[in-house]
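The chain contents come next:
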Amino acid sequence: MNRNTPFTLARPSDPYAVPVQYAERPLMSGYASQRRLDEIGGSPAVSVYRRGSGAVILFADNPVFRGTYPGTERLLLNAIFFSTLMNASRGDYDDDLN
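Right, let's walk through the structure included here. Please read all numbers here as calculations on a predicted model, not as lab measurements.

So, how was this worked out
- Residues numbered from 1 in each chain as written.
- Predicted model: local features only at pLDDT ≥ 70, side-chain atom pairs only at ≥ 80, totals over all residues.
- Heavy atoms only, no water.
- Pairing = 2+ DSSP bridges.
- Helix = DSSP H or I, 4+ residues; strand = E, 2+ residues; numbered from the N terminus.
- Buried < 20%, exposed > 50% of the residue type's maximum accessible area, 1.4 Å probe, protein only.
- Lys, Arg positive; Asp, Glu negative; His and termini not counted.
- Salt bridge = Lys/Arg side-chain N within 4 Å of Asp/Glu carboxyl O.
- Polar contact = N/O pair within 3.5 Å; in protein donor to acceptor, adjacent residues only side chain to side chain.

**Some words on the sheet that holds strand E1 (residues 20–21)**
Here comes step 1: Here we have three strands laid out as an open sheet, ordered E1-E2-E3, and antiparallel in their pairing. Sheet topology places E1 and strand E3 (54–59) at the edges, where each strand pairs with a single neighbour.

**Examining the pairing of E3**
Here comes step 1: Across six bridges, the pairing between strand E2 (residues 44–51) and E3 is antiparallel. By the bridge assignment, Ser47 is partnered in E3 with Leu58.
Here comes step 2: What sits between the antiparallel neighbours E2 and E3 is a turn of two residues, in which Gly52 has the positive phi angle 60°.

**A short note on the side chain of Asp14**
Here comes step 1: Turning to its location among the elements, Asp14 is positioned in the segment before E1.
Here comes step 2: No salt bridge is formed by the buried Asp14; its nearest oppositely charged neighbour, Arg50, is found at 8.7 Å.
Here comes step 3: A distance of 2.9 Å separates a polar atom in the side chain of Asp14 from the backbone nitrogen of Tyr16.

Below you can see the structure in the form of structure tokens.
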């Protein structure tokens, strides 16, 4: 995780709209202040919102940041090419983007 901002994604009311989230203890190596760890721990890393016939996919971090992490570019490519294959969840959930 390469970030210099406290930005985190809001947790949507739809429980199936968060396919990826950070662990409660997200730091694997390096340094992060306890305040930042508390902010990021357990927060969504990716959120999905259905809009019309498409989807809006939000990433908390850039998955292709300087090519640092091999394999994460697949997250971006899946979001671009396969978002139309996702079905909207069925339930009475609030629409968080209005």
